[in-house]
Structures are given as C-alpha cells and as structure tokens.
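Residues per chain are reported as follows:
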Amino acid sequence: MAEAKKSREKASKYLKETMDKIRQRDAEEEDRNRVDMERRMQTVISLKSNISSNRENLRALQARDRANARTEKNEEEQEREQVLAAGGNPEEVLLRKRRLKEFEKERQQFEAKQRQQQIDIAARILREEQRMKKRQAQQPQLWHDPKREKTKRVASHRKRKLRIFQESGSSSMEYSADVEEDNKSSGDRFGAASSEEDDNVSPYGTTSRAEMIPDSDSEEETNVNMAKPEFEGLWDTHKPYTVPKDVVEPIIKHPGASKMDQNIMQKILDKHREGIVVKQVAAGREFKGCPFYSKPAVIHFKDFDVGKSYKKKVILTNVSYSVNYCKLTGITEHLKDFITLLFDPPGQMSAGMTCEMLVTFKPMINEDLEGKVDFLAQTGPFSIPLKCTTKKCDLSLDTKVTDFGTSVIGETLKRTVVLTNNGALGTTFEFVKMSGFKPRTVTTAETSVGRLTTADSPRVSLDAEEVDEKGKGKGMDKDKGKKAEKEKIPEKPPVEAEKEGELAGMDAVQEGEGEKDVAKEPVAEDGGTPDVLSTVEFPFLSEAEDFGALDGLKVGQVSSGEIGPFSSVKLDIIWNPGIPGRIDTDFVVSFTDPLSESIMVKALGNAIDVPCWVEQQAIDLKICMYDRLYQDTVTVNNRATTALRLTYEVCKELRNHLEILPKTGYIQAQSQFSAQLKFLPRPSIAEEAGQYFDKETGVLEAPMVIRVADQARPVPFTVHAVVTNSDMEFDITDIDFGHCTIYESVKTTVKLTNKSILPQQFGFIGIPEYVDVQPNDGFGTLLPLETIELDIIFSPKKARNYNFELTCKSLINRSFKITCKGIGAHPLLDLSHQVIHFAATALNDVSTATFHVINSHTSMNEYTHPVPRIGKGEIAPVGPTSYEFVVPEGSPLTISPAVGTVNPGEKCRIQLRYTPALPDPVIRVEGVKMAVKAMEARAERDFQEAMLKEKESQEQAMKKKQPGKKPSPKGKPRGPTTSSSEGSFVKGPSSVKAPTAESIDRQSDAYAQAHASLLRQYKGGFQSCVIPCYVASGKTGNPGDLKYSIHNTIYLEVHCPSVKPQLVVISDNGRTTTDFGDVSIGQNVTKSVTVQNISEHTLDISTSMLDPVGPFQMLNALRTLDPDDSHTILFSFTPNNGQVFHEVQELRTQTSTLFITLTGQGVSPKVNLSLEEEYLDMGAVLINEYVEKSFKIKNTSSLAIEYRIKLDSNSLLRHAKGQGLPQFIKRDPKTRSFVGVQNNNGQSVFDCVPSEGMIPAGSTTEVTVTFAPDHGSEYYSDGIRIELFGQEEQHTFQVKGVCMPHIMFVTGGDEITPEVESLSVLPVLEDDEEIKPGPIPVLLTFKSISTETEFTVATRELLVGCVRTMAVSQKKNGEFSFENTKDINAKGFELDPPKGQVESGTKKPVTFTWTPPAGHDPNQPAEANILVTVKGDVSDQYKVMLRAMVVSE
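Quick look at the structure, then. (Residues numbered from 1 in each chain as written. Predicted model: local features only at pLDDT ≥ 70, side-chain atom pairs only at ≥ 80, totals over all residues. Heavy atoms only, no water.)

What follows is about the overall build of the chain. Looking only at helices and strands, the chain has 18 helices and 78 strands in total. Split into buried and exposed, the 1449 residues of the chain put 33% on the buried side. Partitioning the intrachain contacts of the chain with sequence separation of at least 6 by distance along the chain shows that 71% fall at a separation of at least 24. When the accessible surface of the chain is summed, it comes to about 88,200 Å², and 50% of that surface belongs to carbon and sulfur atoms. (Helix = DSSP H or I, 4+ residues; strand = E, 2+ residues; numbered from the N terminus. Buried < 20%, exposed > 50% of the residue type's maximum accessible area, 1.4 Å probe, protein only. Contact = heavy atoms within 4.5 Å. Areas by Shrake-Rupley, 256 points an atom, 1.4 Å probe, with all protein chains shown as cover.)

Written out as structure tokens, the structure is:
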C-alpha cells in the first residue's frame, strides 16, 4: 500500500507538471493567436485606410483631370473665338496645334525610349567587359601572352615530318618550331590575316577542353542579341541557318587533336578563306586603293525600255603593283532579278593585264535601279557601281529674264525664248501668263487631310485640281505621292509696288489693291516649315485678255503643244503697253510629266506716257442726294517743256447737271492746272442721262475728255457718283389703338424704312404725355435702306376719347406724320399687382404668389373721383361685381379662385400657382431621337454579329476544304482560285425607320427616359404670360357664364423663369411616381427610389412628414449629396385595409423641391377550393398501403398569393387542446377536433404536396393529399388549414380515411364505439390459447314516423366495399351474401340486394327498409339480427343488428 501510495504521489506530481506544461502551452498558443489576430486586424484596418485614402486620391486626381479638361476646353474655345475674330479657320489652327502636341509627345516618348535603350546597351557592354576581364583572369591561356608563348617554344627538328600539333601530357598543346620557320619561308598557307584577328586568335597554342568551358554568366551574355530592329518584321520569324550534319565534320583532321582544337583550326581556316587580305608591297611601297580599274567606271544603262535586253562589256585592268587575283563575289540583292553577269575568272593577272565581263540587263519594271557588282582581289574587295535609269525629260529655257527695255504707249514688241528637251522622253507643255499688273499671291501647302489651305485669295479660290484644269497653276503642284520641293516666286515689296503705281499713274487701281496679300506660312506638325510649300501668283482679273489691256503682255501663237525627245520649241512673248509704268510679269511653262518641274520666265519693261495727264483718272463724288450741290477739283499735270492749251468737254446728256469751270485754259510747262467741277443732280437726271445713269442702282458714270492742243490722243477721266433720294416711309399712317383701360397700355408696332442709301437721323417731336415711342424715346439713325420697328405705346390716364398726330422729322428737316386715335376706359375692378415676377423655379417644382381683386367703386359721383366708364359712356352702377380669370391653354399657371364676386369696398384674395414642366411635344421628339439611336445601335450590333457568323462560317468552310486539297506540283495551283468570301455577302447595318412622335406613350419607358434626359440638358428658360380678367356687374358662379364687356377687361402679366432642378430621380427611368401596386392587407412591400445631385453645389436635403398612421414609411435617413452623388431612399408600404392609398413625399433642397408620389392599393386575398363537400374523403386502403387524391386552389384576387397548408396533427397546440374531455363524452360542435386516429409509427397519416407556394392572380394550383395508414381503423382524420401570407387563415376542412386489414369491408352503420382509440393495455394471450374471432357487429337504427293514418317506411343504407390494393397476388374483386333473410322479414325488415359482387375500389349500397307489421306495438322497439359474409382475400362475417322504433312527428 505504501508503494502504491508513493507511486500515486509520484504519478500525481508528474501529472501536475504535465498539466502545467499543457496549460502553459495552451496559454502561449492563445497569446500567439491573439497577437496574430491583432496583427490581422491591424492589417485589415490599414488596408481599409489605404483603400479610403486611395479613393480620395483617385477622386482628387479625377477632379483635377476634369478641371484641366475644362480649362483646356475653355482655352480652346477662346482660341477658336480669337481665330474666328481674326478671320481665320479655327479648325485648321486647332488641328495643327493638336498635331504638334501629339508629335511633341511622341518625340519625347521616342527620346526617352532611345535613352533607355542606350543605357541598357552601355550596361550590357560594361557587363561584357567585366566578364571578359574575369574570364581572362580565370583562363589566361585564351589570350595572347608573348612571355608564356616564348617559354613554350622548343627547338626545331629538321628530320621529323611536319606536325602542326603535338599531344603532350599537360593540359595545353605545344607549338613546333618547324611551323614558325615554314611560315616565315612560304608565308601563310591559309591567306593573309589582319592584325586584329591575329590578336584575337593565337596560333601558338590552345587550351584543353576543360579550360575552354565558359562560366554560365559569360554564356548568357554571349547569347544576348544586342541588335534591335527599328521595324518589327522578318526578324521575328527568321530562323538561323543550321549547318548540315555532313558539313559539321572538320575538313582537316588531326589524330591527336581534341574536338575543341579542331574547331579552332576550322575557324582559322574559314577566316583565311573568307578573304582576309594580304598587303602588297613592291619596292618598299605598299599598294593602297582599288586593285582593278573598270572601263567604264560606272555600268550605266540609260533610257531603257521594259521588256528589252541590253548588254555592256566591262574591261577590268589590274592596276596593282604585282600579280593579283580577281574573283566575282556577287551583286546587289535587288538587282539579281534583272542583271546577268558573265565573268570567267582569269586566274593570276600580272600588273597591267585586263579581263572582260559581260553584263546583261533585262528590265521588268519601269523604275530606276542602283547597286554595285562586288569583286574580291588578293589585296582586298572592290566594287563597280551599276545604274539603270528610265527615260526622262530634260527641259530648259535659253533665258530666265526677258527685258523689253523702254517703250512708248501703243508700240508692239516681241521677244522669243527657246524651250529645249535634252531628254529621251517627250511631254506636253503649256505656256501661260501668271500675273497681271499687280500680283495676288496664294500660298498653298499640303495638310494632313490632303487638301490645300489658302492664306489669302479674296478673288480667286482655287484648289490644286482647279489650278491644273485651268492651266494657271500647272507645275506649281508636283507629284502628290512624293515630297518634292515647290517653287516659291518672290514678291515685290509693297513700297516698290506703290512707287511703280505712282509712276504709272494707276492710283485708282492701286487704291483697290492697296493692301498687300501676305501669305501665311503654314506650320507643319513638327513645328517647322512644311516640306511641300508653293506660292502661286494669280492675276488680278480672271480673263487672260484683260492682262494685255492692263500691262500689255501676252503669249504668242504657240501657247501649248508637244515637245519631243531631243528637240526644241520657240515661244513668243508680245508686249503692247497701254498704261505707262514699269512692268514685271511672270510666265510659266508647265508640263504634264510629273517629274518635270515648271519653268518660270520673267518679263521686264518700262512704258512712258504722253505729256499731259490727270492726277485722278476717276473722280468719285461718293453718294449724292437730289437737288444738292457737290463740288470737286480736276488737276492736270504737264511734264512737257512748253505751255499747252486745254479744253474741257462734258457730254451733252449731262450738261444740265454737270459743269466744269473754266471750260478752256492754258497750262504752263512742267506745272499744274486746276478746274472746278460742279454737280447738281436733279430728279430729271434719270431720263436725261441715258446710258450713263442706272435707274435701278442710281450709279452715274460720266466719261470726260480734256482736249490738248497739238496732241492727237485726248486725256480721258471719269466722274463717278451714286445719286439717291432722302425719303423715309412708314408702313402705317393711321393708327387706331381701340379701347384701353387706364391701368394698361396698348402697343402698336410700325416700320420705318429709309429709302435712301445714305444713313439718316430721325426723331419724334411734340409727343403727348400719354404716348411713348420706343426704343431710344423715338430718336435714332437709319442705315441705308434699313427698316426698323418702332413701338408706339398708348397709355391713357383717364376715361375719354383721344385723337392726335405724331410727327417724325429727319436731319434735313423733312416731316413724316402718323394720325392716331384711341378710347380710354376705367374698369370696374382693380388688381393689387399688375405684374407678378416669380422666382426662378426648377422644373416639376411649384411656386405660388398671391394678389387681390379690389372693388373700389362705391359712389357714382364723377366730380369727386374717377368713376368706372368706357370713354364718355355711361357710369357703371354700384354693386357686386364679378370677375373671371382665363388662363391661356398650355400655360404652366393655375389660378384659384378663377371666378368670383367682389362687393363694393371689398377685395378678394387670389392665389397663383406656377408649375414649370417640359412640353409634351419636346419630350416626344427627344424620345424619337433616343429610340432611333437605340435602333441604330441594335442594327449595328446585329450587323457585327452577322459579320462574325459569316466569318466563322467562312473559316469553317475553309477548314473543310483544306483536308481535301493536295498541293500541286512545283507550287502551281491545279485550278482557278476563288476568294473565300465568293458568293457570300453581308449587307451593312439595316436602315432604321424612326417612330412617330405620336406613337410614344406617356406611360412608356421611352417617354420617361426622354424626360429624364431633357431634365439634365435643360439650360433654363423664361416665359411671359398675360392672363385676361373679364369683369361684369352682378353675381355669377359658374365659369363661362359671365356676361362681360371686352372693354372692361383687365390683364395680369406673369413672368415665369425656370431653371434646371438640382435633384432628380434616376431610378425607374426617372419616374417620380412609385407605385407599389396591389399589396395584400398586412403585407409589407419595400421599394427604393434613387436620387442624384445634378447641380454643381453640395445639397442638404430635408423631407416632409408622411402620415404617421398611414401605410407609407421612409426607412432610411438622408445625407448630404455632393455634385454627381446619388442616394437611395427606401419606402415601405403596409396596407391595413382594402383601399387605394396616395401620399406625396417632398425632398427639399436650398432652391428646389422634388415631389415623390407614393401610391398603392391594399387588397384582401381570396382563394376557392374545389371540394364538393365540407370534408375530403380519402376512401379505404389496406394496411401499409396508400392512396392519393387531389383538390385545387384557385386565386380569385388580383394579386399573387403566397399560401401554406398546415395539418392540425402537426400543430404545437394539439396536445394542449387534447387535455379536455373527449368528443364522445362532451359533444360540443364548437370545440370539435378534426384530429382522429393517427399512425403508430409516428409518421403523419396524411400529407399534402405542395404544402406551400405562390399562386399568380387568376391562376389555379393542384394539391395532392396522400393517405398512408399503418394499422386498421375507421376513424383516421385530420384537419387541413390553408393560410395566406403566413397570417390569415382562409379555409379549414377535414380529411378522412379508412384502413382495413382485408379488401372486403362493410360500413355505413351507426357508431357503436368511440372514435378515439383506447390507451388501455390489451391482455396477453397464452400460446396455447386460440380464440376464434366472432362476427363484426354493425348497428342500423330505423325510425318510422307515426301519422294519424299510417306508419312511414324507414330506410337505411349499408355499404359493402372492396379496397383497391396494390398487391399483384391478391384478388381484386369481392362478393357478399346475407343469410337467413326470412327471420328479419317477419319483423318487417327488407333488404336489397341479398347478395352480389363488388369491384375493386368501389362500394355497393345495400338498402334496408322497415315497415311496422300489423299489430306492432309502437311503444316497443323491434329488433333483429342478420349475418352477412364477405369474401375477398379472406372471408369475414359481419353481424348486422337491426333496431327499429316508431316516433311521432
């Protein structure tokens, strides 16, 4: 015991220590878990904070990007406006600027990429150098070292055969002295090697195979490809050449050499064979240069034709110092298809010897070709250039400047220039004149869109194609496929041009051409001047004949034609000056050959004028009015050295209007003479002036002549003037303002037209105080032929008749009058406000205003105060006065009350309601646009899908065809090839037919989407509305019944500004009405409404109060909304009775209110059952078998119903209800329980499928009831309850069933046992006891009613049934028979039928009747018994007990 005790103590000690360790380990594990959990929590928190900070950063970046985008857009708009204001093309400027930015961005990216690549290459080079140094330190045998090689040399062995390498026991191979001596005597056998390659490859010795193994770093570095192609192409798919296996073996084999030694020797031999040159030294001089001289030096095939063959012989001469070799190594790659070389290598050639080579050229394309023929000599490679040029034009002129010298006006001179073509190709030329007296320059440059931009061409607007068609710009535009330089013709400076104009006396012409056209130099995308730039000078006039009239220069008879190869053409320039001055005109010879540039010829000359000339050849008197005098001075200059007599002549048609004083005079030598010109146009000038005056335009052009003595040619000049009248005209001369109340104003618009082509000032003078003329109070200036509208406003101050005149005067004191009249009226009622200004109201919002209608007419005394009357008519009576406001149709205004009566001295309050909304036609048009866009997108999507399907089908067809195809020999196709898409064609997107605006329903989604879209695009609006108020004496109550006078009408003017709402609904396509639809009573339905802030300000939203006892409720709170933020609001609807509910929820912001309409209808759910009786009879079934029956549930309500079927046997309250008295003791129908006998195995005897579900409105669902008992009983029953929405119990009924041990049974008698099964313990029978079951009792009670004369017959039915069984082996039908029927007949009982057969699953009734027999005592019951035998699977007997009695009525 003591040892056991010690052992236990020891064990308990160890156990305690073990438990302590376990607890400590658990504590440590818990601490680690806690630390790990805290770390995870910190990680999650930091991650969440990082995510939020990143979101904020992203928002800030997005806001910055949006701000930058807006700034750039504003700057672009400002720049666009500046360019438009300057008269330029903003699209062109912005496009160039955009392209410059893109180019600069791409250039910076390319430079950064290039720098990065340079850095990478430099880093690789440095790594390569470091690794080479490392390899040199690790393997010095691979590098040339004279000291090491000197120690390795051994003495020569003359008697031994030559051996290049000798194997030794060391790791390296030794060098033989015989090799060095042999090399000195006979030179290098394998060719000359350069010094660089001798340094890299040492012939003295090689390392062993182990020493030649490089490290992994150097191997990786040697595999790096340092070259990077500029363009991705063949480099990606190029496969390196692999040497065939039969070539890998070295040519020279050494029995003792390793594989590495053989490789090194093979490399050295390859280098020698590849042409390592040998320096040629003769007489102490080294030969340098090309070893062979070629005759010709350049192989040139000129002016070839495609398809022909050309041959040239080339002689090669050895010009080196000694014997040399010549080997043809190849020709340029792209010439191999056209050039064939025939060259027989001559072998050794002494100095000065020659050899021949035959070159054959067969062109296949008409293009210039260049290349070279490569040769290899002993002293090095050389090449001969080879060129093949097509036929070209070589055009030139013998002179660029033709000077006519000085000539007098009227003399004709001619100069000839010779056009020569020294080329082998002919062309067509055109010789045209480019400029007239003064050039107009047009600068053209090719832009990125392929068109020409014109810097300045006010009179000529030609693009490149039009210039080519007219022949005036040919040669300026070169071949568009090439970037050839264009010739820019220099212009004269403006000062020189003005001087020449003064010398020529063309002041009038120079005045029209005073501004020099400056061609704006276009900027290319790279920021410099574009490569293609040309300046084309267009003449001042469009017709070529007019040039000779101005400067006298023109082209001779030969202006166009053809010039053949190696020919020349003479071109003439004719000058017949008609205007004095120096000329400088350009002619251009353009050609149809695209490679030939145009040739410019400049023609110079100086023409002098006659002695007398007029300073102003055209005297412009500007615009003149009739019957007014205008004067000017005519100045004549004399450049002669003698005095001359002048005579001024005026055409006889204008002598009554135009006069020059004095008519005759003398002008001194080299001086001036001035005469006075007087012009007084009269109205008769239109008939008298004839051809010199245009009646329609009023332009006068009068030619004048100054006759000079001893001068055959007179001096002409012209007088110009535009003659106009000074009339002004009103479109209305009589104005009737009609009736106007003293509180209103009547406005009439008249049009005042200036018939003159000069501006005229006007003004209305003497205006009455009750009349106003606007604008500018009736004063202003009318521009020539301008018509303006003037508003004449009539505002009577009292009730009377008005007649007056308005006078309008011009600045030259001409008067124009308007006669006016009107009637002033004093209305019966007054308005407290004539004009109402609403605040800016958002769309779908409401603004209200109030005013009063006042009846101030209390007395008819017109001498004490103004009384209501019309003009001088009768005074209105004192009494109640009625009014009626008529709001214009379609106006967003509502007025209430619109009709009313005001008693004298009282006033009535009127409320005006303003609800701005978008017009219905505008919404429909927007809906059509959105529908068209959607249909176009759908058509495009269908088209893309069709294209994809077509492509897939073509690919599948190609795949099917490919396995059956076999390649034809020599790569030629066997038959004609067809395109894979042949016969298949997919049309473009189908055309879209736009729906009509009337077809868009107001309740459709398209209408709601269009309305929401317009709300976001709305920019604001203003509407002014005038509401008439009809007034009449007396009382009225109904609108439209007021008998009023139109003259007493007063008007209310309302100004209605509207703005874009700050808050809109974005859910449900923008609808503000949330319809919960039909909801069952007591059910809760939740819907959401999403609103968005579309303004630029942060919104604080507040709401109105919903009905606290109503069915609607807002479930979540509101928050502050930033711009473009959205918020979802949840609303619930819980109806408490069956009616329609409607409420409006207001969402208020700082300046607007959003109204959300909530509507819904409470519905009481109803269902009907397809039961014919109050219960469902399942019939009879055998033990452990089942039977199914179904019934239907029909939803008769207007909403979907959720149902659930519950059994009373599964109720939690079943046992609580079963604690009362049983049914057979207390027969109370109110407390009757539907639950009867149940299964002993604990499973439900009845089952319903489906037990729950949803029934749509008006639909029907079928429920299957299964009866599956486990023991025999006639009292199986249960209660079925149908609940709707889990709350309301709609229907309750009982389901019954009978379970029999055998297929035949008898039922239908009276109850003789309780329906509740007994819970008592059945006696246990001994094994030897055998009790034979007796017949089963059945009780039938008959009641015969006793009357005064007779007894009625009592009838009862007994049912004999046969159970339908699922067992195959059992008998399906049964039979029955009654025994000893005579015993019951004696007591008055009868039955029918006494026997019969019963089919499976049916019941056959047996009718019992009782008629009291004669002598029956009615006070005593009659009793009898009868046995019935049923035969099925077994035979059973039932004892039918018959009991009859007589009862009174």
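The next point concerns the environment of Lys387. Among the secondary structure elements, Lys387 is positioned in strand S12 (residues 380-390). Exposure remark for Lys387: the relative accessible area of 36% places this residue in the partly exposed category.

Time to look at the pattern of salt bridges. With the rule as written, the count across this model stands at 35 salt bridges. One salt bridge connects Asp20 with Arg23, and the closest N-O pair in it is separated by 3.3 Å. Linking Asp20 with Arg23, this pair stays in helix H1 (residues 2-85), spanning three residues, or about one helical turn. Classification of Asp20 by relative accessible area gives partly exposed; the value is 38%. Here Arg107 makes a salt bridge to Glu104, at a shortest N to O gap of 2.1 Å. Placement of both Arg107 and Glu104 in helix H2 (residues 90-138) is noted, with a separation of three residues, approximately one turn of the helix. One salt-bridge network, in which partners are shared between bridges, spans Glu76, Arg80, Glu91 and Arg98. (Salt bridge = Lys/Arg side-chain N within 4 Å of Asp/Glu carboxyl O.)

In this structure the tally under the stated criterion is 32 aromatic pairs. Ring centres of Phe343 and Phe375 lie 5.6 Å apart, and the angle between their planes is 80°; this geometry places the pair in the edge-to-face category. On the criterion of sequence distance, the pair formed by Phe343 in strand S9 (residues 339-343) and Phe375 in strand S11 (residues 369-377) is long-range, its members being 32 residues apart. Looking at Phe375, the relative accessible area reads 1%, which means it is buried. On the numbers, 5.4 Å between centres and 40° between planes, the contact of Phe1076 with Phe1133 is tilted. In this pair, Phe1076 sits in strand S54 (residues 1073-1080) while Phe1133 sits in strand S58 (residues 1126-1133), placing the two residues 57 residues apart along the sequence. The structure contains a cluster of three or more aromatic residues connected by ring pairs, namely Phe737, Tyr770, Phe794, Tyr802 and Phe804. Here Lys312 stacks its cationic end above the ring of Phe301, 5.9 Å away from the centre of that ring. (Phe/Tyr/Trp six-rings, centres within 6.5 Å; stacked < 30°, edge-to-face > 60°. Lys NZ or Arg CZ within 6 Å of the ring centre and 35° of its normal.)

An α-helical turn contains 3.6 residues, so any two residues separated by three or four positions project in the same direction. Compared with the 72 Å implied by 1.5 Å per residue over 49 residues, the 71 Å span of H2 between its first and last C-alpha is a close match. When H2 is considered as a whole, its buried residues turn out to be Pro90, Leu94 and Arg135. Measuring from the backbone nitrogen of Glu91 back to the side-chain oxygen at the start of H2 gives 3.3 Å, which picks out Asn89 as the cap. (Expected span 1.5 Å × (residues − 1). Polar contact = N/O pair within 3.5 Å; in protein donor to acceptor, adjacent residues only side chain to side chain.)

Taken together, the side chains of Glu1172, Glu1173, Glu1174 and Asp1177 present a region of like negative charge at the surface. As for its placement among the helices and strands, Glu1173 is situated in the loop between strand S61 (1167-1169) and strand S62 (1175-1182). Overall, Glu1173 belongs to the partly exposed group, its relative accessible area being 47%. (Patch = residues over 30% accessible without salt bridge, like charges linked within 9 Å, V, L, I, M, F, W, Y side chains within 5 Å. Lys, Arg positive; Asp, Glu negative; His and termini not counted. Charge placed at Lys NZ, Arg CZ, Asp CG, Glu CD.)

On the surface, a nonpolar cluster with roughly 300 Å² of combined accessible area is contributed by Met37, Met41 and Ile45. Structurally, the position occupied by Met41 is in helix H1. The class of Met41 is partly exposed, set by a relative accessible area of 46%.

Spatially, four strands are ordered S5-S7-S10-S9 in an open sheet, and the strand pairing comes out antiparallel. The sheet is open, and its two borders are formed by strand S5 (292-295) and S9, each paired with just one other strand. The sheet shows a mean angle of 25° between the axes of neighbouring strands, taken without regard to direction. As defined by bridge partners, S9 adjoins strand S10 (residues 354-361) across five bridges and the pair is classed as antiparallel. Along S10, the bridge assignment pairs Leu342 with Leu358. (Pairing = 2+ DSSP bridges. Axes fitted to C-alpha atoms, helices over the stretch in contact; angles between N-to-C directions.)

Relative to the assigned elements, Thr1341 resides in strand S71 (residues 1336-1346). For the pair Thr1341 and Asp1310, spaced 31 residues apart in the sequence, the C-alpha separation amounts to 7.2 Å. In this structure Thr1341 touches Asp1310, Arg1356, Arg1443 and Met1445, once residues within four positions along its chain are discounted. A polar atom in the side chain of Thr1341 sits 2.7 Å from the side chain of Asp1310.

With respect to the helices and strands, Gln1062 occurs in the loop between strand S52 (1050-1059) and strand S53 (1063-1065). Using a relative accessible area of 12% as the deciding quantity, one classes Gln1062 as buried.

Attention shifts here to the sheet that holds S61. Taken together, four strands build an open sheet; the order of strands is S61-S63-S67-S65 and the sheet is antiparallel. Of all the strands in the sheet, the pair left with one neighbour each is S61 and strand S65 (1246-1249). Neighbour to neighbour, the strand axes of the sheet diverge by 25° on average, direction disregarded.

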